[in-house]
Amino acid sequence: MNNLVLAQATVDLNPGLAAIGYGLGAIGPGIGVGLIFAAVVNGTARQPEAQGKLLSLAWTTFAIVEVLALIGIVMFFLASA
C-alpha cells in the first residue's frame with residue numbers, strides 16, 4: 001500500500017529543469033550577438049570605409065553563434081521528452 005501512494009506522488013521535474021537549462025543556455029548566444037554587432041557599430045564609427053567588410057564578417061559570426069542557440073533548443077526538446 002505504501003509503495004502505491006509513493007508511485008502516485010512522484011512528479012516528473014525533467015521538463016521544467018530542461019526549460020531552465022535552455023534559458024541559461026540562451027544567455028550565451030544573446031550576449032555573443034550583442035557583442036558582435038556592438039563591435040560592428042564601433043568599427044564603423046572609427047573607420048566608415050570598412051563597413052562592408054565588417055558587416056559580412058558580423059553576419060558570418062552571427063550565424064555561428066546562433067547555431068549554439070539552435071543546438072540548445074534541440075537539447076531542450078530531447079531532455080524534456
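Use the structure listed above.
### Section: the packing of aromatic side chains
Aromatic rings in a pair are described by how distant their centres are and how their planes are angled relative to each other.
Link 1 in the chain: The final tally for this structure, using the stated rule, is 5 aromatic pairs.
Link 2 in the chain: Geometrically, the ring pair formed by F37 and W59 is edge-to-face, given 5.3 Å between the ring centres and 65° between the ring planes. Of this pair, F37 sits in helix α3 (residues 27-46) while W59 sits in helix α4 (residues 51-80), and the two are 22 residues apart along the sequence.
Link 3 in the chain: Taking the relative accessible area as the measure of exposure, F37 reaches 24% and is therefore partly exposed.
Link 4 in the chain: Among the aromatic side chains, those forming a connected cluster through ring pairs are Y22, F76 and F77.

### Here we look at α3
Link 1 in the chain: Along its 20 residues, α3 runs 29 Å from first to last C-alpha, staying within 8% of the 28 Å computed at 1.5 Å per residue.
Link 2 in the chain: When we look at burial in α3, the residues that qualify are P29, G32, V33, I36, V40, G43 and T44. For α3, the angular spread of buried residues about the axis comes to 100°, placing them on one side. Exposed and facing more than 90 degrees away from the buried side of α3 are I31, L35, V41, A45 and R46.
Link 3 in the chain: Lining the buried residues of α3 we find α2 (14-25) and α4.

Rules used throughout
- Residues numbered from 1 in each chain as written.
- Predicted model: local features only at pLDDT ≥ 70, side-chain atom pairs only at ≥ 80, totals over all residues.
- Heavy atoms only, no water.
- Phe/Tyr/Trp six-rings, centres within 6.5 Å; stacked < 30°, edge-to-face > 60°.
- Helix = DSSP H or I, 4+ residues; strand = E, 2+ residues; numbered from the N terminus.
- Buried < 20%, exposed > 50% of the residue type's maximum accessible area, 1.4 Å probe, protein only.
- Expected span 1.5 Å × (residues − 1).
- Arc of directions from axis to C-beta.
- Contact = heavy atoms within 4.5 Å.

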